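Secondary and tertiary structure notes
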Amino acid sequence: MLKKNITFVFAFLSLLSFSQNQIPAPKTKNAFLKKIEYGGAFGLNIGNDFTNIILAPSAIYPVNDFFATGIGLQGSLVSSKGNYYSLIYGGSLIGIFNPIEVIQLSLELEQLRVNRTYSNEGQNNIKDNFWNTGLLLGAGYRTGKVTLGIRYNLLYNANDLVYDAAFTPFFRVYF
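The structure reproduced in this document is the subject of the present report.

Conventions adopted
Residues numbered from 1 in each chain as written. Predicted model: local features only at pLDDT ≥ 70, side-chain atom pairs only at ≥ 80, totals over all residues. Heavy atoms only, no water. Pairing = 2+ DSSP bridges. Helix = DSSP H or I, 4+ residues; strand = E, 2+ residues; numbered from the N terminus. Axes fitted to C-alpha atoms, helices over the stretch in contact; angles between N-to-C directions. Patch = residues over 30% accessible without salt bridge, like charges linked within 9 Å, V, L, I, M, F, W, Y side chains within 5 Å. Areas by Shrake-Rupley, 256 points an atom, 1.4 Å probe, with all protein chains shown as cover. Salt bridge = Lys/Arg side-chain N within 4 Å of Asp/Glu carboxyl O. Buried < 20%, exposed > 50% of the residue type's maximum accessible area, 1.4 Å probe, protein only. Lys, Arg positive; Asp, Glu negative; His and termini not counted. Polar contact = N/O pair within 3.5 Å; in protein donor to acceptor, adjacent residues only side chain to side chain. Contact = heavy atoms within 4.5 Å. 1 Å grid on protein atoms, 1.4 Å probe; cavity = no way out; pocket = protein on both sides within 12 Å on 5 of 7 lines; lining within 4 Å. Points joined across faces, edges and corners; volume = space filled by probe spheres on them. Nonpolar A, V, L, I, M, F, W, Y, C, P; charged D, E, K, R; others polar.

**A look at the sheet that holds strand S3 (residues 67–80)**
- One open sheet holds the eight strands; their spatial order is S1-S2-S3-S4-S5-S6-S7-S8, and the pairing between them is antiparallel. Two strands lie at the open edges of the sheet, namely strand S1 (37–47) and strand S8 (167–173), each paired on one side alone. When strand polarity is set aside, the average angle formed by the axes of neighbouring strands in this sheet is 20 degrees.
- Pairing between S1 and strand S2 (residues 50–62): 11 bridges, direction antiparallel. Directly across from Asn45, in S2, lies its bridge partner Asn52.

Below is the structure:
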């Protein structure tokens, strides 16, 4: 009886331990992630007691040869010693349409947090903090991955002082 039990245990264990060695399939990158294109903007302006730094990365997903959609981040710091300080940050949703190879149309919904401090001719500092929404309609000339154009802020408000004008030029590159 003991012999039968030992034989049964070994037979059972041998069945459990028998397996085929399978080589795992190589990990492939998700097709969605392979198509994402990255780009953005960087700006730097430094002068006597003045600094302006802009960083605006973005990523788009080309849905097809004509349409792409994506997101962007934006941050900017402007400082004029003793007169003005501004910190602006936020994000955007981007839609791009290429009706023909050399023309790019875009629509961008932008939400920015604006924090400003400025002096009023020697008086106390004035602080101004608010959210600014922009709806930017753009058109540009495209060659390869580079687009140069102009966009119009449909929600432009001269009192917000986020942009100097409703029309702003843009230079867009995606890799």
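**A few points about a nonpolar patch on the surface**
- On the surface, Val63, Phe66, Phe67, Phe97, Ile100, Val102, Ile103, Leu105 and Tyr141 cluster together to form a nonpolar patch covering roughly 780 Å² of accessible area.
- Within the residue set of the nonpolar patch, elements represented by two or more residues are strand S4 (84–100) and strand S5 (103–119).
- Inspection of the secondary structure assignment puts Ile100 in strand S4.

**Quick look at the pairing of S4**
- Here S3 pairs with S4 via 14 bridges, running antiparallel. Among the inter-strand pairings, Gly70 is bridged to a residue of S4, identified as Ile94.
- Here S4 folds back onto S5, and the loop between the two strands holds two residues.

**Quick word on the side chain of Arg172**
- One can find Arg172 in strand S8.
- Although buried, Arg172 forms no salt bridge, and the nearest oppositely charged side chain, Glu108, lies 4.2 Å from it.
- Within the local environment of Arg172, its side chain forms a polar contact with the side chain of Gln104, the two groups lying 2.7 Å apart.
- Those residues in contact with Arg172, other than ones at most four positions away along the chain, are Ile96, Gln104, Ser106, Glu108, Lys145, Val146 and Thr147.

**Section: the pattern of salt bridges**
- For the structure shown, the criterion picks out three salt bridges.
- For Lys145, the salt bridge identified is with Glu37, shortest N-O distance 3.0 Å. Here the residue Lys145 occupies a position in the loop between strand S6 (125–143) and strand S7 (146–153), and Glu37 occupies one in strand S1, the gap between them amounting to 108 residues.
- Lys145 sits in the partly exposed class, given a relative accessible area of 45%.
- With a shortest N-O distance of 2.3 Å, Arg116 and Asp128 are connected by a salt bridge. Separated by 12 residues along the polypeptide, Arg116 in strand S5 and Asp128 in strand S6 bring together distant segments of the chain.
- The exposure class assigned to Arg116 is buried, which follows from its relative accessible area of 4%.

**Examining the layout of surface pockets**
- The computed volume of the largest pocket comes to approximately 1200 Å³.
- Around the largest pocket, the lining is made up of 41 residues, and of these Ile54, Gln74, Arg151, Tyr163 and Pro169 lie nearest the centre.
- Elements with a minimum of two residues in the lining of the largest pocket: S1, S2, S3, S4, S5 and S8.
- Each pocket or cavity is described by its volume, and for the second largest pocket that value is around 280 Å³.
- Elements that contribute at least two residues to the lining of the second largest pocket include exactly S2, S3 and S4.
- Tallied by class, residues from the lining of the second largest pocket come to seven nonpolar, five polar and five charged.

**Structural notes on empty space enclosed by the protein**
- Counting across every chain of the model gives one cavity of 30 Å³ or more.
- In this model, the largest cavity occupies a volume close to 40 Å³.
- Looking at the lining of the largest cavity residue by residue, the class counts come to four nonpolar, three polar and one charged.

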